[in-house]
Amino acid sequence: MIWCLGRERTEPTDAQRLLERLITDRQRLVTDAEVLQEILHRYVAIDRRDAIQPAFDALLGVIDQVLAVDGMMAQRAKQIVLGYRQLSARDAVHLSVMEQNGIERILSFDSGFDAPNVAKSGRLIPGGRNTRL
């Protein structure tokens, strides 16, 4: 979701166009609490605390549900990150949440999810019922 936020542009980004299409198509959109933490982390790191509330408002305004991250998911994320070196710890958390909740599609511009062995692992299956932002 971070790629839809940020500095103002006169033209919509590919991410914004895709998100608009998903909303128009009435796709169920879910995210996890780690995405909210990423927003907090990013805007605090660049000393833009004033942007936190608008970013939360933008995200929560289009999302149907925010999924929790618990200890079991963190344990599974550890297994994932140890098995797939191209994935970041955050990506592993997102995959763990997806597995736990039966989510089979992800909307991400993160290159970690483009790795062939991630798709081959069966964790990301096109045509699933939810899309994670």
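Residues numbered from 1 in each chain as written. Predicted model: local features only at pLDDT ≥ 70, side-chain atom pairs only at ≥ 80, totals over all residues. Heavy atoms only, no water.

Engineer: Explain the overall build of the protein chain here, please?
Structural biologist: The helix and strand tally for the protein chain stands at six helices and four strands. Sequence-ordered secondary structure for the protein chain, helices as α and strands as β, is α-β-α-α-β-α-α-β-α-β. Residues classed as buried in the protein chain amount to 38% of the 133 residues present. The contacts in the protein chain between residues at least 6 apart in sequence include a share of 67% that link residues at least 24 apart. (Helix = DSSP H or I, 4+ residues; strand = E, 2+ residues; numbered from the N terminus. Buried < 20%, exposed > 50% of the residue type's maximum accessible area, 1.4 Å probe, protein only. Contact = heavy atoms within 4.5 Å.)

Engineer: What's the story with the confidence of the model for the protein chain in this structure? I'm lost.
Structural biologist: Note that predicted coordinates carrying low pLDDT should not be read in detail. The share of residues in the protein chain with pLDDT of 70 or more is 74%, and the mean pLDDT across the chain is 79. The least confident element of the protein chain is strand β4 (residues 131-132), whose mean pLDDT is 42; the most confident is strand β2 (residues 65-67), at 96. (pLDDT = per-residue confidence, 0-100.)

Engineer: Help me understand the pattern of salt bridges, please; the structure alone is not making it clear to me.
Structural biologist: Pairing is possible between side chains of opposite charge, provided their charged atoms come close. Applying the stated criterion across every chain, the model contains three salt bridges. In this structure, aspartate 50 engages arginine 48 in a salt bridge whose closest nitrogen and oxygen atoms are separated by 3.2 Å. The exposure class of arginine 48 is partly exposed, given its relative accessible area of 37%. (Salt bridge = Lys/Arg side-chain N within 4 Å of Asp/Glu carboxyl O.)

Engineer: What exactly am I supposed to notice about helix α5 (residues 89-100) here?
Structural biologist: Think of an α-helix as 3.6 residues a turn; residues three or four steps apart then line up on the same face. The end-to-end C-alpha distance of α5, which contains twelve residues, comes to 17 Å, matching closely the 16 Å that a straight helix rising 1.5 Å per residue would cover. Buried within α5 are the following residues: Asp91, Ala92, Val93, His94, Leu95, Ser96, Val97 and Met98. Just past α5, the residue glycine 102 takes up positive phi, approximately 65 degrees. (Expected span 1.5 Å × (residues − 1).)

Engineer: Would you mind showing me how to read the environment of leucine 82 here?
Structural biologist: With respect to the element layout, leucine 82 can be found in helix α4 (residues 71-83). Given the relative accessible area of 65%, leucine 82 is considered exposed.

Engineer: How should I be thinking about the nonpolar core in this particular structure?
Structural biologist: Soluble globular proteins: nonpolar side chains tend toward being buried together. In this structure, Leu29, Ile39, Tyr43, Phe56 and Leu59 are the most contacted members of the largest nonpolar core, which totals 14 residues. Of all the secondary structure elements, the ones that give two or more residues to this core are α1 (14-24), α2 (33-45) and α3 (52-60). Leu67, Ala77, Ala92 and Val93 belong to the second-largest nonpolar core, a separate cluster that totals 13 residues. (Core = buried A, V, L, I, M, F, W, Y, C linked by side-chain atoms within 4.5 Å.)

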